[in-house]
Amino acid sequence: MANAKHDFRSAASQALADRSLQKALLNVKRGFVSKRAAAKAKLPEFDSLREEARAIKDHTLSHLDLYLEAYERKVIESGGEVHYAPAAADARAIVLTLCEQAGAKLVTKGKSMVSEEIGLNAHLQAAKIEVVETDLGEYIVQLRGERPSHIIAPVIHLNKETIEQEFRRKHQRLPRERRLDRAEYLVAEARALLREKFLAADVGITGANLLIAETGSSVVVTNEGNGDLTSTLPRMHIVIASIEKLVPTLEDASTILRLLARSATGQEITTYTSLFTGPRREADPDGPTAYHVLLLDNGRSEMLGNEFADMLRCIRCGACLNHCPVYGAIGGHAYGSIYPGPMGAVLTPQLSGIDQARDLPNASSFCGRCEAVCPMEIPLPDMMRAWRERDFARGNPPRFERLMLKLWAFAAKRPRLYHALAEAMARYLARRAGGRGRLSRLPLMQAWTEARDLPAPQGNTFHQLYARSMRKDAR
Amino acid sequence: MSAAEDPRSIVMGRIRASLGVASLDRARKASVERRLERHPHGTIPARARRGRAECLALFTEMLTAQGADMRHVLTRKEAVAAIASYLGTCNLPPRIRMGRDATLAALPWRDAWDIERAIGPAQPGDRAALSHAVVAAAETGTLFLVSGPANPTTLNFLPEAHTVLIEAADIVGSYEEAWDRLRAIHGKGTLPRAVNLISGPSRTADIEQTIVRGAHGPRRLLVLILG
């Protein structure tokens, strides 16, 4: 999934200098953030639902083996089949075998992050199967040979003009003088082209937002309806989902669905929420005749037992990306992983190893907004800190960084020394700043001061002020 | 394949090892069975716990905000007339695709003699479809459509205009009430192939977060509340 050796630092610098990306990223703040706030304000029960959703997931995860068995029984009862994939390669092989069994030449796909995680498209294409992404954003990403830059808004990094150029380049058989200067025209063109694919597809592959043990259903939420055409028209429907998507009952699914769209796009609910249970029944005039569910582990079972278990509650709403100042500054591609932002900074090291992904949990100011907006109350900053600790323990940070951390730790463990140093530092910085009140350059911290000034300390340290206010209170 | 190589056993074994549990723990099994049996609900939003009239108003308000066209009709005769006039307003030919739903079949179609009805799943050329929702939840203006010969799933997604009839008595407050209705019809723990919760016409905001209607599914959704 992540590139073998991704250079996060230079990718981030490039992203900061990319004007069209910076313009596109403004849409994240303009749209998602304010819409989520408005949707939350309209539902006074939002925070109690968060607590309940967290409890639902914690209960399910601590009984995951049993709920998987219950889910599997129901899928089989309804005429479907369940396959288990311990790792990404197993998952790719199973899906390919199923497609070959179905004699598939054309496969349509609904949006699935698990599919991105296992690199499914390339694997099927290598076997001469045509694979078409049908979510508009994923379709554009596929045309460009890119990866999605956001888990729910794949082309948030692109402007309309870039998409128009891409359509003109790739849709050669359409008249050249056609208008494509508005989102409506672009959508209409994709709709018409993809309609042919939907109708011709042999196999439809979708992800799942939830799996329900009570009924053996997979739940797919979309606004476009592409997930439904993908799962309904071909003769085989394959669902690929990771094992932590499970919830016990329809009621539990409802609680989580009340949080999902509101946290993601700020909608009360997505246009379509569909539950698929088995293949078409005998009397049904439409729907697939075969239904398969692929359950992917790929590191999740290990997380169940380590300090990252809370991450398995994640419902992939994207709220942590939308509210992250780092994501907002550099976008998704700089992370070099299909899971960007705070959730990706926790998940990616688990999937590709901390040695490869060490920059991601380090690229955070720990401002805490991600945790504050997470509908599943996942302590993302704590877990990024846990990765930093592992990273340090493995000796990954450069020697200078380790030395600085050791020096700081030495002082921090000796309060008197720490206070004395802090006071000296405050005096030194105040004098260095002179009357300007800010420092534009600092020794040992050139990289930091390159892009901003440090406000100079204004006299006393925090500890001094605190001690004084305590004395005042005592009097 | 031997048991040790079987991928299912590998995954289950890893899960149990991480959780530090054995497969035959009675208390854990009982806790799972109890939850599946009782399916307790969580907080149901206050807006979904109001009287019938308020639920009806909320249902209409939510769907309108989400871009659906709403008509409240008191009689079956009016329902047919509303469908006919909607097709006209949308500039669509007087032809509608529908399944074998008994409620829809019992509408007084002779009053709309000029509307041609095609029975069966949707075909690529179909421009308008008519479905009957079994239940709807007012809390987010959400229609519940279930697959089967009565209301084939393709009707919900292929044609560009989708008309859905819901009887006023079938509009409940919350999702939980709607699931209980489905349990009463299909049995506990059993669902038909597809249950589609529909809360507006198809849309996308993938391009610069501009909302555009009619992404892949219907561009228009008419909801007819009957009674």
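All values reported here derive from a predicted model rather than from experimental measurement.

Quick word on the overall build of chain A
Scanning chain A from N- to C-terminus turns up 24 helices and 12 strands. Relative to the 2.2 N^0.38 estimate, which gives 23 Å for 475 residues, the radius of gyration of chain A is 25 Å and therefore close to what a compact globule would have. Principal axes of the C-alpha set define a box for chain A whose edges measure 85 × 60 × 45 Å. Per-residue burial over chain A gives 50% buried out of 475 residues. A fraction of 74% describes how many contacts in chain A between residues 6 or more apart in sequence connect residues 24 or more apart.

Some thoughts on the interface of chain A and chain B
Contact residues are listed per partner, giving 76 residues for chain A and 65 residues for chain B. The element contributing the most residues to the side of chain A that touches chain B is helix 10 (residues 183-200) of chain A, with 7 residues. Looking at the side of chain A that touches chain B residue by residue, the classes come out as 31 nonpolar, 26 polar and 19 charged.

Quick notes on the sheet that holds strand 9 (residues 194-198) of chain B
A sheet is described by the order of its strands in space; here 8 strands give the open sequence 8(A)-5(A)-6(A)-9(A)-9(B)-6(B)-5(B)-8(B), paired in mixed fashion. Looking at the sheet topology across the chains shown, the edges are occupied by strand 8 (246-247) of chain A together with strand 8 (171-172) of chain B. Pairing between strand 9 (residues 272-276) of chain A and strand 9 of chain B: 5 bridges, direction antiparallel. Across the sheet, the residue bridging to A:Leu275 is B:Val195, located in strand 9 of chain B.

Regarding unusual backbone geometry
Residues and elements named next belong to chain B. Of note, Asn91 is a non-glycine position whose phi angle comes to about 65°, a positive value. Exposure remark for Asn91: the 8 C-beta atoms within 10 Å place this residue in the exposed category. One non-glycine residue, Glu208, lies in positive phi territory at about 50°. Here Glu208 shows up in the loop between strand 10 (203-204) and strand 11 (212-213).

Digging into the domain arrangement of chain A
You'll often see interface size given as the accessible area lost when the parts meet. Domain annotation for chain A reports domain 1 (43-298) and domain 2 (399-474). On a C-alpha basis, the centres of domain 1 of chain A and domain 2 of chain A stand 51 Å from each other.

Let's talk about the sheet that holds strand 12 (residues 220-226) of chain B
All names here are of chain B. Taken in spatial order, the 6 strands line up as 1-12-7-4-2-3 in an open sheet, and their pairing is parallel. Of all the strands in the sheet, just strand 1 (69-73) and strand 3 (116-119) have a single pairing partner and so form its edges. Averaged over neighbouring strand pairs, the angle between their axes works out to 25° when direction is ignored. Pairing between strand 2 (residues 95-98) and strand 4 (residues 128-132): 2 bridges, direction parallel. Opposite Met98, over in strand 4, you have Leu130 as the bridge partner.

Overview of the nonpolar core
By size, the foremost hydrophobic cluster in this structure holds 185 residues, and its most contacted members are A:Ile240, A:Ile256, A:Leu294, A:Leu296, A:Val346, B:Phe144 and B:Val223. Considering each element in turn, this core owes the most residues, 8 residues, to helix 12 (residues 250-264) of chain A. Setting aside its immediate chain neighbours within four residues, A:Leu294 contacts A:His83, A:Ala85, A:Ala91, A:Ile94, A:Val95, A:Ile238, A:Val239 and A:Ile240.

Topic: the domain arrangement of chain B
On domain assignment, one finds that chain B holds domain 1 (7-38) and domain 2 (46-226). The gap between the C-alpha centroids of domain 1 of chain B and domain 2 of chain B is 41 Å.

Regarding the packing of helix 16 (residues 341-352) of chain A against helix 20 (residues 380-393) of chain A
All names here are of chain A. As a packed pair, helix 16 and helix 20 sit with axes 9 Å apart at the nearest point and diverge in direction by 35°. Judged by the twist between their axes, the crossing of helix 16 over helix 20 is left-handed. Residues Pro342, Met343, Ala345, Val346 and Pro349 of helix 16 form the contact with helix 20, whose participating residues are Leu380, Met383, Met384 and Trp387. Its residues assigned to classes, the contact of helix 16 with helix 20 shows 9 nonpolar, no polar and no charged.

Reading the values: the criteria
- Counting starts from 1 at the beginning of each chain's written sequence and moves along it residue by residue.
- In the order they appear in the text, chains get letters beginning with A and ligands get numbers beginning with 1.
- Confidence filtering applies because this is a predicted model: local features only for residues at pLDDT of at least 70, side-chain atom pairs given and counted only at 80 or more, and all residues used for totals across whole chains, interfaces and linings.
- The numbering of helices and of strands both runs from the N terminus, where a helix is a DSSP run of H or I of at least 4 residues and a strand a run of E of at least 2.
- In this setup the radius of gyration rests on C-alpha atoms only. A globule is expected at 2.2 Å times the number of residues raised to 0.38.
- Exposure is read from a count of other C-beta atoms within 10 Å of each residue's own; the residue is exposed at 12 or fewer, buried at 20 or more and partly exposed in between. C-beta atoms are placed from the backbone.
- In this description, any two residues whose backbone-derived C-beta atoms lie within 7 Å of each other are considered to be in contact.
- Classification convention: Asp, Glu, Lys, Arg as charged; Ala, Val, Leu, Ile, Met, Phe, Trp, Tyr, Cys, Pro as nonpolar; all other residues, Gly among them, as polar.
- In short, DSSP must find at least two bridges between two strands for them to pair.
- The split into domains, and so the bounds of each, comes from an automatic or database assignment of domains.
- The axes are straight lines fitted to the C-alpha atoms, using for helices just the contacting stretch, and the angles between their N-to-C directions are given from 0 to 180°.
- Nonpolar cores are built from buried Ala, Val, Leu, Ile, Met, Phe, Trp, Tyr and Cys residues. These are joined into a set through C-beta atoms within 7 Å.
- The handedness criterion is simple: a crossing whose near helix is rotated anticlockwise from the far helix by less than a right angle is left-handed, and one whose near helix is rotated clockwise is right-handed.

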